[in-house]
Amino acid sequence: MTLHAYVGSRTTRERHARGEGISVFAFDAASGALERIQIVEGLVNPSYLALSAAGHHLYSVHGDRSEVSAFAVDRASGRLSFLNQQGTEGHNPVHLALDPSGRFLVVTNHLGASLAVLPIGADGALEPLVQLVTVSGPIGPHRFEQQQAKPHFNPFDPSGRWVIVPDKGLDRIFSFRFDAGRLTPAATPFVQAREGAGPRNAVVHPSLPLAYVVNELDSTLTTYRFDAQMGALEALHLITTLPPTFTGNSRAAGIAIDGAGRCLYTSNRGHDSIAAFRLDRQSGLPRFVEAQPTLGRTPRFFTLTPDGRMLYALNEDSDTIVAFDVDDSGKLAAPRVVADCGSPVCMVFSNEN
């Protein structure tokens, strides 16, 4: 079966964007090549994407709007067809995640500081919102980026019982229990990050009781102990995402961990690189290995392929997608440009299910 990759792009003048919508690529897993086979146009800022476990449906938030869309996926051709759209009762939805059952979608409204829960019908279409949960607290010290609460991400932990929500505006990471389609704050509802850190994205270790949060504003990576019974987070360790010789301006963005929990990666916008970290086998604490340039500007997003053999970085401001081979140690080989794409900001791969 041919594998496919789906890329969301910024499209509006307000975002200084050059994207056309959602691009569908045929993906050659052996060579890493991408061949565009479809562009779904007429969409406003289809940025973050989520693909259902079986690969039959794709979901997209619309940056600077208040909606999320559902698409049917033709598994043979990879092509998309629009199903429907629902409101999120917030502004600028920036992330979305499917619960393990595939029956609910959780969406982060960056402005409005809320999490929306939308059911998914048997046909993959979105149903109207059933819950809206807000986050609040004292804002951080950054005079531009921390004027209000700004949740940015909402991944599920491996058990599917907890949702972790970093908030860039409050310097907090919230924990919510997810049960029967409803979010409930954990008994310890949040952990406070370092002042001015700007927590942005998070991942949970696949086997160790740890979570990792990349902090946008001070370009750091924080390791937290994660209590999978109570959902509580406890800070353990902090490390920079930048080489010690870099003295310019940069902001961290994305984060990913490999399936074995051996290596972790973050992206730097300004330094324009992917930072690689080796995770200690026992403690899970990260050790900085290298920061590989992405051959372009502003790698907002990157992702590993399903088999973990390659890493793809999306250069939002230079309109390219680059691929890195990943060796057995997790180290990245020199990148190569594999596709041109206007203002790319998210990429998901189909699997062989």
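Notes on the structure follow. (Residues numbered from 1 in each chain as written. Predicted model: local features only at pLDDT ≥ 70, side-chain atom pairs only at ≥ 80, totals over all residues. Heavy atoms only, no water.)

Points about the nonpolar core
Part 1 of the reasoning: With 46 residues, the main nonpolar core has L34, L58, Y312, I321 and M347 as its most contacted residues.
Part 2 of the reasoning: Core analysis: the second largest hydrophobic core is formed by 17 residues, A97, A149, V163 and V165 among them. (Core = buried A, V, L, I, M, F, W, Y, C linked by side-chain atoms within 4.5 Å. Buried < 20%, exposed > 50% of the residue type's maximum accessible area, 1.4 Å probe, protein only.)

Details of the sheet that holds strand β26 (residues 336–340)
Part 1 of the reasoning: Strand order in this open sheet of 4 strands is β23-β24-β25-β26, and the pairing throughout is antiparallel. With partners counted over all chains shown, the strands left at the sheet margins are β23 (301–304) and β26, one partner each. Averaged over all pairs of adjacent strands, the angle between their axes in this sheet comes to 25 degrees, without regard to strand direction. (Pairing = 2+ DSSP bridges. Helix = DSSP H or I, 4+ residues; strand = E, 2+ residues; numbered from the N terminus. Axes fitted to C-alpha atoms, helices over the stretch in contact; angles between N-to-C directions.)

Structural notes on the side chain of K150
Part 1 of the reasoning: You can see K150 is positioned in the loop between β11 (131–134) and β12 (162–167).
Part 2 of the reasoning: Residue K150 is classed as buried on the basis of its relative accessible area of 11%.
Part 3 of the reasoning: In this structure the side chain of K150 is engaged in a polar contact, spanning 3.3 Å, whose partner is the backbone oxygen of E145.
Part 4 of the reasoning: In this structure, K150 is in contact with H110, L111, F144, E145, P166, D167, K168 and G169, ignoring residues within four places of it in sequence. (Polar contact = N/O pair within 3.5 Å; in protein donor to acceptor, adjacent residues only side chain to side chain. Contact = heavy atoms within 4.5 Å.)

Some words on the packing of aromatic side chains
Part 1 of the reasoning: A complete count under the given rule lists 10 aromatic pairs for this structure.
Part 2 of the reasoning: Aromatic pair F174 and F190: ring centres 5.8 Å apart, planes at 55 degrees, arrangement tilted. Within this pair, whereas F174 is found in strand β13 (residues 172–179), its partner F190 is found in strand β14 (residues 182–192), the two being separated by 16 residues in sequence.
Part 3 of the reasoning: By relative accessible area, which is 6% here, F174 ends up buried.
Part 4 of the reasoning: Residue classification places F190 among the partly exposed residues on the basis of a relative accessible area of 29%.
Part 5 of the reasoning: Grouping aromatic residues by their ring pairs yields a cluster made of F27, Y312 and F349.
Part 6 of the reasoning: The ring of F190 is capped by R172, whose NZ or CZ atom sits 3.7 Å from the centre of that ring.
Part 7 of the reasoning: One cation-aromatic arrangement involves R177 over W162; the distance from NZ or CZ to the ring centre is 5.3 Å. (Phe/Tyr/Trp six-rings, centres within 6.5 Å; stacked < 30°, edge-to-face > 60°. Lys NZ or Arg CZ within 6 Å of the ring centre and 35° of its normal.)

No statement about biological role is implied by the geometric values presented.
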